[in-house]
Amino acid sequence: GSLVPGSEQSPAAIDGGVSWSNREAQAYRPEGVAVTDAGLELTARPVETPSVDAVPFVSGMVFSDDTYGFGRFDFEVTVPFGEGLWPAVWLLDADACESPGRCPGYGTERYHELDVLETQGDGRLFTSAHWFDERFSSFSVETTDPGLVQGARHTITLERRPGLVVWRLDGREVASLAGSASAESGPHRAGPMMVILNLAVGGSFSGDRVLGRTAPWWGDAMVPDTFPQLGWPSATLVVHQMRYSGL
């Protein structure tokens with residue numbers, strides 16, 4: 001299936017559902033997405049003319065128009081390093097959500113997400129799951145030894161099976177989460193999932209300092225401590241390949 005560029009603010013669900021801005025400091029725009037000989041490139045860069053009504057960065061996001069059941073996902077990626085960067089590869093429940101940021105099922109037992117890869121612009125790999133049962137629940141593992149290497153290609157694998165989710169970094173298991181093979185909610189729910197690839201900046205995961213209100217539906221965005229004197233003029237998440245094998 002093809003990948004659909006995301007072009008909403010961060011993206012925010014203006015017409016209902018939940019805003020997934022996470023207090024991020026970027027807007028997703030088509031110019032942040034490119035297909036090159038290296039693969040799919042998502043690039044974050046400062047806006048040319050900052051203003052108090054807009055976030056200071058633009059970046060790229062794509063999500064799949066196909067959905068996927070149980071199986072194995074392999075993503076060959078080169079992740080960017082730099083303060084405040086938040087690259088992410090993740091799966092989102094398609095029964096609960098129409099697209100990232102348009103999620104009428106958020107907060108219900110239909111919702112769950114599986115984070116294949118998240119970083120804070122350094123060598124630490126975060127692999128996670130988030131879902132709702134009676135409340136919001138999470139599972140997360142941080143991998144550092146060895147972790148990610150700047151400029152290197154890595155293969156991040158997610159195996160999604162009935163009652164089991166397994167994460168691997170370059171073939172080495174780094175996390176697993178077992179549960180019921182017949183679960184109707186939670187991280188082992190059997191519903192179809194879409195794939196999302198994005199490169200965020202700042203936010204509640206990688207930001208340190210409140211920037212201030214940027215738009216009516218945003219609230220206060222967060223930026224790195226050294227903003228605007230960052231050590232990178234632009235940054236790119238490269239997805240060289242994505243492979244899926246169903247069960």
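Summarised in this report is the structure supplied together with it. (Residues numbered from 1 in each chain as written. Predicted model: local features only at pLDDT ≥ 70, side-chain atom pairs only at ≥ 80, totals over all residues. Heavy atoms only, no water.)

## So, the overall build of the protein chain
Thought 1: A tally of helices and strands in the protein chain yields 1 helix and 18 strands.
Thought 2: A fraction of 66% describes how many contacts in the protein chain between residues 6 or more apart in sequence connect residues 24 or more apart.
Thought 3: Accessible surface, the protein chain: about 10,500 Å² in total, of which carbon and sulfur atoms supply 49%. (Helix = DSSP H or I, 4+ residues; strand = E, 2+ residues; numbered from the N terminus. Contact = heavy atoms within 4.5 Å. Areas by Shrake-Rupley, 256 points an atom, 1.4 Å probe, with all protein chains shown as cover.)

## With respect to the environment of Cys97
Thought 1: Looking at where Cys97 falls in the secondary structure, it is placed in the loop between strand S8 (85-93) and strand S9 (112-118).
Thought 2: Residue classification places Cys97 among the buried positions, given a relative accessible area of 3%.
Thought 3: Considered as a pair, Cys97 and Arg110 are 13 residues apart in the sequence and their alpha carbons are 9.1 Å apart. (Buried < 20%, exposed > 50% of the residue type's maximum accessible area, 1.4 Å probe, protein only.)

## Notes on a negative patch on the surface
Thought 1: Together, Glu109, Asp133, Glu134 and Glu184 line one region of the surface with negative charge.
Thought 2: Within the element layout of this structure, Glu134 appears in the loop between strand S10 (125-132) and strand S11 (136-143). (Patch = residues over 30% accessible without salt bridge, like charges linked within 9 Å, V, L, I, M, F, W, Y side chains within 5 Å. Salt bridge = Lys/Arg side-chain N within 4 Å of Asp/Glu carboxyl O. Lys, Arg positive; Asp, Glu negative; His and termini not counted. Charge placed at Lys NZ, Arg CZ, Asp CG, Glu CD.)

## A look at the packing of aromatic side chains
Thought 1: Tallied over the full model, the rule gives 13 aromatic pairs.
Thought 2: For the ring pair Phe73 and Tyr244, a centre distance of 4.8 Å and an interplane angle of 45 degrees mean the geometry is tilted. In this pair, Phe73 is assigned in strand S7 (residues 71-78) and Tyr244 in strand S18 (residues 235-246), connecting sequence segments 171 residues apart.
Thought 3: Ring pairing ties together the aromatic residues Tyr68, Phe73, Phe75 and Tyr244, which thus form one cluster. (Phe/Tyr/Trp six-rings, centres within 6.5 Å; stacked < 30°, edge-to-face > 60°.)

## With respect to the environment of Phe73
Thought 1: Among the residues examined, Phe73 registers a relative accessible area of 0% and is labelled buried.
Thought 2: In sequence terms Phe73 and Trp167 are 94 residues apart; their C-alpha atoms lie 9.6 Å from each other.
Thought 3: Those residues within four positions of Phe73 in sequence are excluded, and the remaining contacts are Tyr68, Leu91, Ile156, Thr157, Leu158, Val195, Arg243 and Tyr244.

## A look at the environment of Phe70
Thought 1: Checked against the element boundaries, Phe70 lands in the loop between strand S6 (61-64) and S7.
Thought 2: Not counting residues within four places of it along the chain, the set of residues in contact with Phe70 comprises Arg160, Arg161, Pro162, His188, Arg189, Ala190, Tyr244, Gly246 and Leu247.

## Quick notes on the pattern of salt bridges
Thought 1: All told, the structure shown has 9 salt bridges when counted by the stated rule.
Thought 2: Two residues, Asp95 and Arg189, come together in a salt bridge whose shortest N-O distance is 3.3 Å. Within this pair, whereas Asp95 is found in the loop between S8 and S9, its partner Arg189 is found in the loop between strand S14 (172-178) and strand S15 (193-201), the two being separated by 94 residues in sequence.
Thought 3: When its relative accessible area of 12% is taken as the criterion, Arg189 is described as buried.
Thought 4: Taking the shortest distance from any N to any O, the salt bridge between Arg168 and Glu159 comes out at 2.6 Å. In this structure, Arg168 and Glu159 share a single accessibility class: buried.
Thought 5: Bridged by salt links that share partners, the residues Arg72, Asp74, Glu159, Arg161 and Arg168 form one connected network.

## Thoughts on the nonpolar core
Thought 1: Grouped together as the largest cluster of nonpolar side chains are 43 residues, with contacts concentrated most on Leu42, Phe75, Leu91, Ile156, Leu158, Trp167 and Leu197.
Thought 2: Those residues in contact with Phe75 that sit more than four places away from it in its chain are Val89, Val116, His154, Thr155, Ile156, Val195, Leu197, Gln241 and Met242.
Thought 3: By size, the runner-up hydrophobic cluster in this structure holds 15 residues, among which are Phe63, Trp90, Tyr111 and Phe132. (Core = buried A, V, L, I, M, F, W, Y, C linked by side-chain atoms within 4.5 Å.)

## So, the pairing of S18
Thought 1: Inspection of the sheet shows strand S4 (residues 39-46) paired to S18 by 5 bridges, in the antiparallel sense. Looking across to S18, one finds that Thr43 is bridged to Thr236.
Thought 2: Two strands pair when backbone bridges link them, and S7 and S18 are joined in this way by 8 bridges, in the antiparallel orientation. Looking at S18, one finds that Phe73 is bridged to Tyr244. (Pairing = 2+ DSSP bridges.)

The quantities given are spatial measurements derived from coordinates; they are silent on function.
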